[in-house]
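# Observations on the three-dimensional arrangement
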Amino acid sequence: MRILVIGNSDGIGLALTKRLLDHGDEVIGVSRRAPNLTSEKLHQHIVDLTMPNAADELRSAIGQSEQIAALIYCAGMGEPFSEVGVALDADTVSVNLTGFAIALAAVLPQMENAKSGRVIALSSIADTWSPGAPSYGATKAGLTTYLLSLRRPLKKLGITASVIRFGFVDTKMAKAPQKPMMMSAEQAVDVILKVLRRGPAITTVPFPMDLLVKLIAFFSYWQARLS
C-alpha cells in the first residue's frame, strides 16, 4: 500500500514509518524535520503545519504521488499551561486539529475518485476537561469529535475514518510527572496497524487509563464550576 504518514520525524510516527517500510509498504512522510531514516520506499516532505503556506505545500506533496490508500495523522504537540501559558496555543491548534483538516482536504480527492481509502488520526485519552494543558485537551477533543462525525459521510464515499485515543506513550509528548500504564511506541504501532486492517470507529488504549482520566476530569470540572 501507499500510505501518507503525517508527523513521522520521531515518536509514534517514526516507529510506524519503520514498520510500514519493513512490511514493504510505500510511505509518503510529512514532518517538520527530516527523520533519521532512508529507504527507496520512503518519499519524505518537509512541511511546517504552523506556517501559512502549509496547505499549499501539503497539496503539492500529495499531488506528486499516485493513489494513496491511507492517511495516518500522527502529528501532535502540547505544553503544560504552567510552563508556557497560552503562548503556543495557536500552534497547538494548527498542529493538532487544523493540520489534520488540511491533510484530509489534500488526500480526499484521490480517495473519492477511487471510492476507497482509510483515514486514521491519533487523538488522546486527554480529549476532555484538561486544566493542566487546556489547548491540548481542547484540540484533541475536537479531533476525536471531528473523526467520529466524518465517519458516516466518508463511508458513503467508500472511505473509512477511525480515531485512536492513546494514553501515555513513551515519546517526547509524555511530559506529565506521573505516567501510569505507559505504552511503548512499538505497542502503539501495533494498535494502529490493527485499526488500519479492521477500521473501527474509535479505539481507546489503555481502557483503564481512560476511566481514570474521566474521573479526574469530572472532579476538575466541578471544582472549577464551584470555585
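Our structure is the block above this text.
So, a few notes on the structure that sits alongside this text. (Residues numbered from 1 in each chain as written. Predicted model: local features only at pLDDT ≥ 70, side-chain atom pairs only at ≥ 80, totals over all residues. Heavy atoms only, no water.)

### A closer look at the pattern of salt bridges
Enumeration over the complete set of coordinates arrives at seven salt bridges. Ionic pairing is found between Glu-186 and Arg-19, a salt bridge with its closest N-O pair at 2.6 Å. Highlighted residues: Glu-186 in helix α6 (residues 185-198) and Arg-19 in helix α1 (residues 11-22), separated in sequence by 167 residues. Close ionic contact of Asp-190 with Arg-19 constitutes a salt bridge, the shortest N to O distance being 2.9 Å. Here Arg-19 lies in helix α1 and Asp-190 lies in helix α6, a separation of 171 residues in the sequence. Three or more residues are tied together by salt bridges with common partners; here these are Arg-19, Glu-186 and Asp-190. (Salt bridge = Lys/Arg side-chain N within 4 Å of Asp/Glu carboxyl O. Helix = DSSP H or I, 4+ residues; strand = E, 2+ residues; numbered from the N terminus.)

### Comments concerning the nonpolar core
Core analysis: the biggest nonpolar cluster contains 33 residues, and Leu-4, Ile-6, Leu-71, Tyr-73, Phe-100, Val-119 and Leu-147 have the highest contact counts within it. Looking at this core, the element that brings in the most residues is helix α4 (residues 89-114), giving nine residues. Contacts of Tyr-73, omitting those with residues within four sequence positions, involve Ile-6, Leu-49, Ser-94, Val-95, Asn-96, Gly-99, Phe-100, Ala-103, Ile-120, Ala-121 and Leu-122. Counting residues in hydrophobic clusters, the runner-up holds 26 residues, among them Ile-12, Leu-21, Val-27 and Met-183. (Core = buried A, V, L, I, M, F, W, Y, C linked by side-chain atoms within 4.5 Å. Buried < 20%, exposed > 50% of the residue type's maximum accessible area, 1.4 Å probe, protein only. Contact = heavy atoms within 4.5 Å.)

### Things to note about the pairing of strand β1 (residues 2-6)
Across the five residues that make up β1, a large majority, five, are buried. Burial along β1 is two-sided: the face carrying Arg-2, Leu-4 and Ile-6 and the face carrying Ile-3 and Val-5 are both buried. With five bridges joining them, β1 and strand β2 (residues 26-31) adopt parallel strand pairing. Along β2, the bridge assignment pairs Leu-4 with Ile-28. You can see the chain leave β1, run along α1 and come back into β2, and the turn it takes is right-handed. (Pairing = 2+ DSSP bridges. Right-handed = clockwise from strand over helix to strand, strands pointing away.)

### Observations regarding the packing of helix α2 (residues 54-63) against α4
Contact geometry of α2 with α4 gives a least axis separation of 9 Å together with a crossing angle of 30 degrees. One way to sum up the angle between α2 and α4 is to call them roughly parallel. Where α2 crosses over α4, the two elements pack in a sense that is right-handed. Taking contact as the criterion, the partners of Ala-55, Leu-58, Arg-59 and Ile-62 in α2 are, on α4, Ile-102, Ala-103, Ala-106, Val-107 and Gln-110. Considering only residue class, the contact of α2 with α4 consists of seven nonpolar, one polar and one charged. (Axes fitted to C-alpha atoms, helices over the stretch in contact; angles between N-to-C directions. Parallel < 35°, antiparallel > 145°, perpendicular 65-115°, else oblique. Left-handed = near helix turned anticlockwise from the far one by under 90°. Nonpolar A, V, L, I, M, F, W, Y, C, P; charged D, E, K, R; others polar.)

### Notes on the packing of aromatic side chains
According to the stated counting rule, one finds two aromatic pairs in the structure shown. Here the aromatic rings of Tyr-73 and Phe-100 are separated by 5.6 Å at their centres, their planes lie at 80 degrees, and the arrangement is edge-to-face. Residue Tyr-73 is located in strand β4 (residues 70-73), and its partner Phe-100 is located in helix α4; the two are separated by 27 residues in the primary sequence. What makes Tyr-73 buried here is its relative accessible area of 0%. For Phe-100, a relative accessible area of 0% translates into the label buried. Measuring from ring centre to ring centre gives 5.7 Å for Phe-100 and Tyr-146, while their planes differ by 85 degrees; the resulting arrangement is edge-to-face. Note that Phe-100 is positioned in helix α4 and Tyr-146 in helix α5 (residues 134-155), a separation of 46 residues in sequence. For Tyr-146, a relative accessible area of 30% gives the class partly exposed. (Phe/Tyr/Trp six-rings, centres within 6.5 Å; stacked < 30°, edge-to-face > 60°.)

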